[in-house]
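So you can see what is in the structure, the chains are spelled out below.
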Amino acid sequence: MPELPEVETTRRGIAPLAIGRRIAAVHVYDPRLRWPVPPSLPALVAGHTIDALDRRSKYLLFRLTADTLLVHFGMTGSLRAFRDAPPRRLHDHVDIVLDSGVTLRYHDPRRFGAMLWLPPPAESHPLLAALGPEPFDAAFDADYLWRATRSRTAAIKLALMDNRLVTGVGNIYANESLFRAGIRPTTPASRLSKPRLGRLVAAVRATLTDAIAKGGSTLRDYVDSRGEPGYFQLDYFVYGRQGLPCRVCRAEIREIRQGGRASTYCRRCQR
Ligand SMILES: [Zn+2]
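Residues numbered from 1 in each chain as written. Predicted model: local features only at pLDDT ≥ 70, side-chain atom pairs only at ≥ 80, totals over all residues. Heavy atoms only, no water.

Caption draft 1: Region of the structure containing the sheet that holds strand β4 (residues 67–72). Spatially, β2-β3-β4-β8 is the arrangement adopted by the four strands of the open sheet, whose pairing is antiparallel. Each having just a single partner strand, β2 (52–56) and β8 (114–118) make up the two edges of the open sheet. Strand-to-strand, the axes of this sheet are offset by a mean angle of 20°, without reference to chain direction. Here strand β3 (residues 59–64) pairs with β4 via six bridges, running antiparallel. Residue pairing in the sheet places F62 in a bridge with L69 of β4. Each of β2 and β3 touches helix α1 (residues 4–18); the most contacted strand, β2, lies at about 175° to it. (Pairing = 2+ DSSP bridges. Helix = DSSP H or I, 4+ residues; strand = E, 2+ residues; numbered from the N terminus. Axes fitted to C-alpha atoms, helices over the stretch in contact; angles between N-to-C directions. Contact = heavy atoms within 4.5 Å.)

Caption draft 2: The coordination of the zinc ion, seen in detail. Within the protein, C246 (SG), C249 (SG), C266 (SG) and C269 (SG) serve as the donor atoms for the zinc ion, at 2.2 to 2.4 Å. For the zinc ion, the four donor atoms in the first shell make angles of 95 to 114° at the metal, so the coordination geometry reads as tetrahedral. Positions of the donor residues of the zinc ion along the chain correspond to the pattern C-x2-C-x16-C-x2-C. Within this pair, whereas C246 is found in the loop between α7 (194–216) and β9 (253–258), its partner C269 is found in the segment after β10 (261–266), the two being separated by 23 residues in sequence. Given a relative accessible area of 24%, C269 falls into the partly exposed group. (Donors = N, O, S within 2.8 Å, 3.2 Å for Na, K, Ca; no water. Tetrahedral: all angles 85-135°; square planar, octahedral: opposite > 155°, others 65-115°. Buried < 20%, exposed > 50% of the residue type's maximum accessible area, 1.4 Å probe, protein only.)

Caption draft 3: Representation of the pattern of salt bridges. Applying the stated criterion across every chain, the model contains 15 salt bridges. A salt bridge links D95 to R105, with the shortest nitrogen-to-oxygen separation between them at 2.8 Å. In this pair, D95 is assigned in strand β6 (residues 92–98) and R105 in strand β7 (residues 103–107), connecting sequence segments 10 residues apart. As far as burial versus exposure is concerned, D95 and R105 are alike and both buried. Each of E8, R11, R12, R55, R56 and E134 takes part in salt bridges that share partners, so that together they form one network. (Salt bridge = Lys/Arg side-chain N within 4 Å of Asp/Glu carboxyl O.)

Caption draft 4: Up close: the pairing of β10. A large share of β10 lies buried, amounting to five of its six residues. As judged from the six bridges shared by β9 and β10, these two strands associate in the antiparallel manner. In the strand pairing of β10, I256 is matched with S263. If you look at the hairpin formed by β9 and β10, you'll find two residues sitting between the two strands, and G259 has a positive phi there, around 55°.

Shape is all these values report; function is a separate question.
Encoded structure:
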């Protein structure tokens with residue numbers, strides 16, 4: 001599943017080709033995504049110039065002066081750029097053709113993604129309005145996290161994955177960040193001290209930074225590549241390593257379920 005680092009890598013791969021270009025045409029071959037692509041979308045965005053390409057949580061936002069084109073990758077979506085678009089393949093659902101001749105092609109086998117037009121102000125759209133701070137925002141710090149969790153009896157792992165508290169920290173990165181911070185995923189959020197939450201903030205940023213850096217080496221997958229963009233395989237400390245020895249202390253990595261998702265942790269390194 002594309003997580004924040006994959007979306008950020010897509011943004012960095014596509015931005016140089018998209019920013020400053022005009023959208024010449026949008027071709028929707030199959031509108032049946034998680035929410036149907038609105039029939040009016042091609043006419044609403046065609047002719048507009050892409051002023052900026054932003055990311056908010058796991059949403060990619062094409063800023064078209066006042067309006068915004070939002071792209072979400074769901075479970076299996078990807079967006080790639082072609083200077084000379086090859087014939088469409090199965091699951092290629094939307095083409096965004098730029099005035100330079102570059103085609104941005106949206107591919108999504110399971111069709112849980114989305115492509116929506118947002119009128120201004122885009123930030124008040126229901127998908128964006130309730131989002132908390134980005135992990136790299138200055139507003140996401142130990143003080144903020146401490147204040148925001150005092151009344152939360154939920155486990156810190158679930159709090160960390162709540163987009164209203166901080167956006168874009170999915171299951172993989174929640175598990176890895178908690179390991180790096182030495183915090184057990186089941187600890188009630190309200191019981192964590194400010195210094196420990198400060199370590200968690202640093203761990204979230206370090207984990208995502210490593211994944212984005214890893215993504216840098218796959219940027220070419222987003223331009224003129226017919227292969228699927230790779231999802232980054234970090235050298236995980238705990239994610240997917242249940243039953244294996246901890247890379248730090250050799251104790252066996254445990255797995256439990258929280259909120260329907262797998263949590264993996266080291267009972268010796270994480271308290
Ligand atoms: Zn350990």
